[in-house]
Amino acid sequence: MYAYITGKLAEKGHDYVVIEAGGVGYRIFTNTHALSSLPSEHAKLFTHFVVKENEQSLYGFVTEPEKEMFEKLTGISGVGPK
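Note that the structure is a prediction, hence the values are computed from the model and not measured.

### Things to note about the sheet that holds strand E1 (residues 4-12)
The five strands lie next to each other as E1-E2-E3-E5-E4, forming a closed barrel whose pairing is mixed. In this sheet, adjacent strand axes meet at a mean angle of 55° when their direction is disregarded. The sheet contact formed by strand E2 (residues 16-21) and strand E3 (residues 24-29) spans six bridges and is antiparallel. Of the residues in E3, the one forming a bridge with Val 17 is Ile 28.

Here it is, written out as structure tokens:
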């Protein structure tokens, strides 16, 4: 659904960032590599949107190959996004 999100890095948590784009803050779960490599002002993450019965989540990656590997791994039965 969302190929990538780019905008102002508004917040960093221990496993997520909030990127403000177009007046909307997107909470994007990510890994420690992405957290440490994102610039402090302007950020871009390639995203994967996960919809579950009671949850909708965005997962972000610095590069498209990282995102593709995530999609391959989560395609395996029993492997979840977190």
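Back to the text.
### Quick look at the packing of aromatic side chains
The description of two aromatic rings rests on the distance between their centres and on the angle between their planes. All told, the structure shown has four aromatic pairs when counted by the stated rule. Ring geometry for Tyr 2 and Phe 49: centres 5.7 Å apart, planes at 85°, overall edge-to-face. Of this pair, Tyr 2 sits in the segment before E1 while Phe 49 sits in strand E4 (residues 42-52), and the two are 47 residues apart along the sequence. Of the aromatic side chains, those joined through ring pairs into one cluster are Tyr 2, Tyr 26 and Phe 49. Between the NZ or CZ atom of Arg 27 and the centre of the ring of Tyr 16, over which it lies, the distance is 4.0 Å. A cation over a ring is seen here: Lys 44 above Tyr 4, with NZ or CZ 4.2 Å from the ring centre.

### Let's talk about the nonpolar core
Nonpolar side chains tend toward joint burial in soluble globular proteins. Core analysis: the largest hydrophobic core is formed by 12 residues, namely Ile 5, Leu 9, Val 17, Ile 19, Ala 21, Ile 28, Ala 34, Leu 35, Leu 38, Ala 43, Leu 45 and Leu 58. Contributing elements (two or more residues each) for this core: E1, E2, helix H1 (32-37) and E4. Top element by residues in this core is E2. It accounts for three residues. Residues within four places of Leu 9 in sequence aside, it is in contact with Val 17, Val 18, Ile 19, Pro 39, Ser 40, Glu 41 and Ala 43. Judged by nonpolar contacts, the second largest core, of seven residues, contains Tyr 16, Phe 29, Val 50 and Phe 70.

### Some words on the environment of Val 17
Counting through the fold element by element, Val 17 comes out in strand E2. Residues Val 17 and Ile 28, spaced 11 residues apart in sequence, show a C-alpha to C-alpha distance of 5.4 Å. Once residues within four sequence positions are removed from consideration, Val 17 is found in contact with Leu 9, Glu 11, Lys 12, Tyr 26, Arg 27, Ile 28, Thr 30, Leu 35, Leu 38 and Leu 45.

Calculation notes
Residues numbered from 1 in each chain as written. Predicted model: local features only at pLDDT ≥ 70, side-chain atom pairs only at ≥ 80, totals over all residues. Heavy atoms only, no water. Pairing = 2+ DSSP bridges. Helix = DSSP H or I, 4+ residues; strand = E, 2+ residues; numbered from the N terminus. Axes fitted to C-alpha atoms, helices over the stretch in contact; angles between N-to-C directions. Phe/Tyr/Trp six-rings, centres within 6.5 Å; stacked < 30°, edge-to-face > 60°. Lys NZ or Arg CZ within 6 Å of the ring centre and 35° of its normal. Core = buried A, V, L, I, M, F, W, Y, C linked by side-chain atoms within 4.5 Å. Buried < 20%, exposed > 50% of the residue type's maximum accessible area, 1.4 Å probe, protein only. Contact = heavy atoms within 4.5 Å.

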